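Take a look at the letters that make up each chain.
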Amino acid sequence: MDRSIAQGPLPDDGSALTHTAAPRSRTALVVGLGLVLGCLVLFGLSRPAYQTIYNHFAWQAQAWLEGDLAIRYPVEATSEAPGNADLNDVVPVVDAAGEPTGRGQIPFPPLPAVVLLPFVVLFGLAVDQTFIAIVIGALDVGLAFWLLGKLPVRESVRTLLAVFAGTGTALWCAASLGTTWFLAHLVAVGLTLGAVGLALDAESDEASRDRAEPRAVLDGRQVVAGLLLGLAATSRLTVLLGLPFLLFVGGGGTWWRRGLSAGLGAAIPILGLVAYTLASTGEPFNPVYEALYRYEIQAYPDLGYPGSWSLQDLRYVPGNLAIMLLGVPHLLPACDAGIPRTPWSEVGCGWLVPDPRGMSVLLASPAYLLALPALRLLRDRRVAGAFLATLAIAFVNLMHFSQGWVQFGYRFSLDFLPFLLVALAFGTERLLGPPDAPRRWAMALAIGLVVASVGIQAWGIAWARSLGW
């Protein structure tokens with residue numbers, strides 16, 4: 001695992017890349033800024049016309065300002081102030097006698113509420129959460145472009161995959177909608193991209209370092225990479241399962257030094273999360289998840305959640321895997337008066353309508369297939385770590401009783417997008433062949449898959465807006 005990583009153009013025998021990471025240049029800076037600004041405009045133009053009512057984190061930030069860890073709930077809306085009586089995923093807090101206290105607890109890790117806190121100070125509960133999600137989503141695209149610049153890929157691949165990350169994946173839907181669940185994804189994606197990019201940067205320096213040079217036990221950049229990943233987990237818990245990537249890749253020289261440094265960095269925010277959960281609920285793990293799960297079993301029997309199964313259960317994996325890989329839109333569904341007339345449907349009828357439970361990640365974002373050629377490069381620690389982190393995160397997500405609801409595509413894929421982006425870069429580079437003699441058909445295929453991904457995402461978002469998602 002600890003051998004050095006060769007870097008250069010990828011030959012046909014599957015050995016590792018040997019050319020250096022994409023050069024830093026003014027052109028790259030202009031392209032990166034252009035991607036951020038372009039996505040900022042695109043996400044803004046495709047946002048819903050209405051203000052999201054799913055703003056749990058704004059209520060959480062407001063609760064902190066009021067000196068409480070539980071949100072005010074339920075609050076009826078008035079002409080002067082918004083309410084939250086119709087907000088899902090809130091458990092009322094009761095006193096010793098079982099009487100409501102006028103407060104409620106939410107199950108979500110608190111970091112997105114920290115992000116919203118200064119805006120809630122300025123604008124109160126009227127804060128435009130979707131606009132903030134749009135800005136964070138656009139910055140995530142810039143971070144994806146920065147991360148790809150740490151890899152030995154040509155500039156065309158770097159730009160193409162950054163475009164895919166921003167507009168060909170569930171990130172576009174998440175940023176343009178900005179509800180509670182999507183905002184959590186966006187915050188986690190940015191921090192995880194930062195962690196992966198720092199580890200790759202440290203790895204590049206390791207390749208040119210004298211092996212006989214004395215080393216400290218801890219590597220500073222690897223500690224920061226772990227810290228960023230731990231912070232990401234305080235927005236989306238399962239992102240922490242990407243730690244194997246930091247065992248394989250980063251500064252330190254050996255797997256145990258990399259792991260120790262990253263582990264210590266990640267432990268800081270994770271211990272903070274445990275302390276916060278203890279203070280707010282009295283338990284180290286948030287019990288609201290379990291309470292909501294039991295509620296949904298009783299309230300929504302049509303969803304088919306067996307009462308004997310746990311919140312995270314291996315028995316959920318087959319069905320959820322079918323959604324993740326095989327989910328398809330509804331073909332010629334029954335007419336529904338709630339579906340408005342659109343250019344692709346008659347009044348009340350849609351010829352091809354997305355399933356609100358989710359859709360195959362490969363059907364919604366077919367350019368993910370570009371990672372397949374990287375499977376022949378598992379000797380490279382960067383590739384092996386990327387695939388291992390992706391599988392770990394995906395598997396635990398598949399154990400969860402729900403895979404998201406009212407979404408286009410498969411939003412849980414955002415949890416592993418930063419890691420899989422590394423495999424995508426290596427896979428695309430290998431597919432294209434040597435930079436001095438690229439395969440034209442391969443470039444056409446790569447561009448075609450990205451264009452198809454963007455087109456499918458645009459179709460899905462158009463339907464989402466038509467259906468009021």
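Residues numbered from 1 in each chain as written. Predicted model: local features only at pLDDT ≥ 70, side-chain atom pairs only at ≥ 80, totals over all residues. Heavy atoms only, no water.

**Let's talk about unusual backbone geometry**
At the junction of Tyr73 and Pro74, the peptide bond is cis and its omega measures out at -10 degrees in the coordinates. Mapping Pro74 onto the fold places it in the loop between strand E1 (71–72) and strand E2 (91–94). Its identity as a non-glycine residue notwithstanding, Asp89 has a phi of 60 degrees, on the positive side. Considering the arrangement of structural elements, one finds Asp89 in the loop between E1 and E2. For Asp89, a relative accessible area of 19% corresponds to the buried category. Even without a glycine there, the phi angle at Val406 is positive, about 55 degrees. Relative to the elements of secondary structure, Val406 occurs in the loop between helix H14 (381–398) and helix H15 (417–432). (Helix = DSSP H or I, 4+ residues; strand = E, 2+ residues; numbered from the N terminus. Buried < 20%, exposed > 50% of the residue type's maximum accessible area, 1.4 Å probe, protein only.)

**Comments concerning the packing of aromatic side chains**
As enumerated under the stated definition, the model contains 14 aromatic pairs in all. Relative to Trp181, the ring of Phe108 lies with its centre 6.2 Å away and its plane at 90 degrees, an arrangement referred to as edge-to-face. Here Phe108, found in the loop between strand E3 (100–105) and helix H3 (111–123), pairs with Trp181, found in helix H7 (residues 180–207); they are 73 residues apart in sequence, far enough to count as distant. The buried category is assigned to Phe108, whose relative accessible area is 13%. Ring centres 6.3 Å apart and planes at 90 degrees place the aromatic pair Tyr295 and Tyr300 in the edge-to-face group. Under the relative-accessibility criterion, Tyr295 is labelled partly exposed at 49%. (Phe/Tyr/Trp six-rings, centres within 6.5 Å; stacked < 30°, edge-to-face > 60°.)

**Thoughts on the packing of helix H5 (residues 155–167) against helix H16 (residues 440–467)**
In contact at an axis separation of 9 Å, H5 and H16 are set at 20 degrees when each is read in the N-to-C sense. Judged by the angle between their axes, H5 and H16 are roughly parallel. When you trace H5 past H16, the crossing you get is left-handed. Across from Ser156, Leu160, Val163, Phe164 and Thr167 in H5, the residues of H16 making contact are Met443, Ala446, Ile447, Val450, Ser453, Val454 and Gln457. (Axes fitted to C-alpha atoms, helices over the stretch in contact; angles between N-to-C directions. Parallel < 35°, antiparallel > 145°, perpendicular 65-115°, else oblique. Left-handed = near helix turned anticlockwise from the far one by under 90°. Contact = heavy atoms within 4.5 Å.)

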